[in-house]
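Structure assessment
Chain by chain, the residues run as shown.
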Amino acid sequence: MAQTSTSRETQPHAFVVSIHGVRYQVKDVARSVAFYTTHLGFTLQHQQLPAFASVTLGDATILLSGPGASGSRPLPDGRRQEPGGWNRVVLKVKELPTCITELKKAGIQFRNEMETGPGGRQIQVEDPDGNPIELFEPAARS
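What counts and what doesn't
- Residues numbered from 1 in each chain as written.
- Predicted model: local features only at pLDDT ≥ 70, side-chain atom pairs only at ≥ 80, totals over all residues.
- Heavy atoms only, no water.
- Pairing = 2+ DSSP bridges.
- Helix = DSSP H or I, 4+ residues; strand = E, 2+ residues; numbered from the N terminus.
- Axes fitted to C-alpha atoms, helices over the stretch in contact; angles between N-to-C directions.
- Phe/Tyr/Trp six-rings, centres within 6.5 Å; stacked < 30°, edge-to-face > 60°.
- Buried < 20%, exposed > 50% of the residue type's maximum accessible area, 1.4 Å probe, protein only.
- Lys NZ or Arg CZ within 6 Å of the ring centre and 35° of its normal.

Looking now at the sheet that holds strand E2 (residues 43-48). Reading across the sheet, the four strands line up as E1-E4-E3-E2 and stay open at both edges, with mixed pairing between neighbours. Every other strand in the sheet has two partners, leaving strand E1 (22-25) and E2 as the edge strands with one partner each. Across the sheet, the axes of successive neighbouring strands diverge by a mean angle of 20°, strand direction being ignored. Pairing between strand E3 (residues 52-57) and strand E4 (residues 60-65): six bridges, direction antiparallel. What sits directly across from Ala-53, in E4, is Leu-64.

Encoded structure:
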């Protein structure tokens, strides 16, 4: 009897069609829009101040949910959705040391120092509400 093997990666899913975006909880949506558009090159896609905005960079979308947004409401068990944490969006950059210098001049908060590994180098910055963003420069391939 021949066995057939199928990969879940190649099978279409009945419900999930694509990634819509990454949601970040923020305290001040307008302040967050200014941060992402001014310092990281995102474009404002949509906003309904003071509750919500979305910003894009290429095919990536970050959904900024303020205290009044439906995506920020407390969970059924009473837990509040708060900014911060360790999950993060990773932005590919070039010339990471120069990028770090420019962001430090602008007063951007860093979580760590630049780390270097076999895949490249990275550092974590925080948006105005403490949500982490990783800046990643892939290692040069020879």
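A word on the sheet that holds strand E8 (residues 132-138). Reading across the sheet, the four strands line up as E5-E8-E7-E6 and stay open at both edges, with mixed pairing between neighbours. Edge positions in the sheet fall to strand E5 (89-92) and strand E6 (115-117), since each of these pairs with one other strand and no more. Across the sheet, the axes of successive neighbouring strands diverge by a mean angle of 30°, strand direction being ignored.

Quick look at the packing of aromatic side chains now. Two numbers describe a pair of aromatic rings. These are the distance of the centres and the angle of the planes. A complete count under the given rule lists two aromatic pairs for this structure. Here the aromatic rings of Phe-35 and Tyr-36 are separated by 5.1 Å at their centres, their planes lie at 90°, and the arrangement is edge-to-face. Judged by relative accessible area, which is 6%, Phe-35 ranks as buried. With a centroid separation of 5.5 Å and 85° between ring planes, the pair formed by Tyr-36 and Phe-42 is classed as edge-to-face. As far as burial versus exposure is concerned, Tyr-36 and Phe-42 are alike and both buried. Taken together through their ring pairs, the aromatic side chains of Phe-35, Tyr-36 and Phe-42 make up a single cluster. Here Lys-104 stacks its cationic end above the ring of Phe-110, 5.4 Å away from the centre of that ring. Directly above the ring of Trp-86 sits Arg-111, whose terminal nitrogen or CZ lies 4.3 Å from the centroid.

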